[in-house]
Amino acid sequence: MQLFNVINTIRIGNNTSVLVAGKGTSFKNGMMMSDAKGKIYKVIAVGMSGGVLDVNNALDKTSLLVEGIFSSNKIYV
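About the criteria used
- Residues numbered from 1 in each chain as written.
- Predicted model: local features only at pLDDT ≥ 70, side-chain atom pairs only at ≥ 80, totals over all residues.
- Heavy atoms only, no water.
- Helix = DSSP H or I, 4+ residues; strand = E, 2+ residues; numbered from the N terminus.
- Buried < 20%, exposed > 50% of the residue type's maximum accessible area, 1.4 Å probe, protein only.
- Contact = heavy atoms within 4.5 Å.
- Areas by Shrake-Rupley, 256 points an atom, 1.4 Å probe, with all protein chains shown as cover.
- pLDDT = per-residue confidence, 0-100.
- Pairing = 2+ DSSP bridges.
- Core = buried A, V, L, I, M, F, W, Y, C linked by side-chain atoms within 4.5 Å.
- Phe/Tyr/Trp six-rings, centres within 6.5 Å; stacked < 30°, edge-to-face > 60°.

Looking now at the overall build of the chain. Helix and strand counts for the chain stand at 1 helix and 6 strands. Listed by position from the N terminus, the elements making up the chain come as β-β-β-β-α-β-β. The 77 residues of the chain split such that 32% are buried. By sequence separation, contacts in the chain at least 24 residues apart represent 58% of the contacts at least 6 residues apart. If you sum the accessible surface of the chain, you get close to 4700 Å²; carbon and sulfur atoms cover 54% of it.

Attention now moves to the confidence of the model for the chain. Across the chain, the average pLDDT comes to 89, with 84% of residues at or above 70. In the model of the chain, helix α1 (residues 55-58) stands out as the element of lowest mean pLDDT, 59, in contrast to strand β3 (residues 32-35), which has the highest, 97.

This part takes up the side chain of S17. If you trace the backbone, S17 turns up in strand β2 (residues 15-21). Once residues within four sequence positions are removed from consideration, S17 is found in contact with N8, T9, I10, I12, S63, L64 and L65.

Time to look at the pairing of strand β1 (residues 3-12). Relative to strand β6 (residues 74-76), β1 runs antiparallel, the two being bridged by 3 bridges. Residue pairing in the sheet places L3 in a bridge with Y76 of β6. Both β1 and β2 contribute to a ladder of 6 bridges, which runs antiparallel. Residue pairing across strands places I10 opposite S17, the latter belonging to β2. Remark: 2 residues form the turn of the hairpin made by β1 and β2, two consecutive strands paired antiparallel; G13 in that turn has positive phi of roughly 65°.

Another point: the nonpolar core. The biggest cluster of nonpolar side chains holds 13 residues, and the ones touching the most others in it are V18, V20, F27, M33, L64, F70 and I75. Listed by contribution, the elements that provide at least two residues to this core are β1, β2, β4 (40-48) and β5 (61-67). Apart from residues lying up to four places away in sequence, I75 is in contact with Q2, L3, F4, V6, V18, V20, F27, M33, S34, L64 and F70.

With that settled, the discussion passes to the packing of aromatic side chains. Considering all chains together, one arrives at 2 aromatic pairs under this definition. Both rings, one in F4 and one in F27, keep their centres 4.8 Å apart while their planes meet at 50°; by these two values the pair is tilted. With a gap of 23 residues between them, F4 in strand β1 and F27 in the loop between β2 and β3 connect regions that are remote in the sequence. Using a relative accessible area of 7% as the deciding quantity, one classes F4 as buried. By relative accessible area, F27 is classed as buried at 4%.

This is how it looks when you write it as structure tokens:
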């Protein structure tokens, strides 16, 4: 099991955009993940953080669209 630290979350309707520290290679659309309390969430979409001038820095962050309201500071995959 891998642990990722959450940098930021933004609620989008009934879902949440979650920015995590780490490369996105561990995440896939449709996969399940859990928060620090063990609650399970479905990953709707995986993307790269936009608006970053340093491309190398952008590769160390992953943006996830998660089904439901996510409010943890950790993700377990």
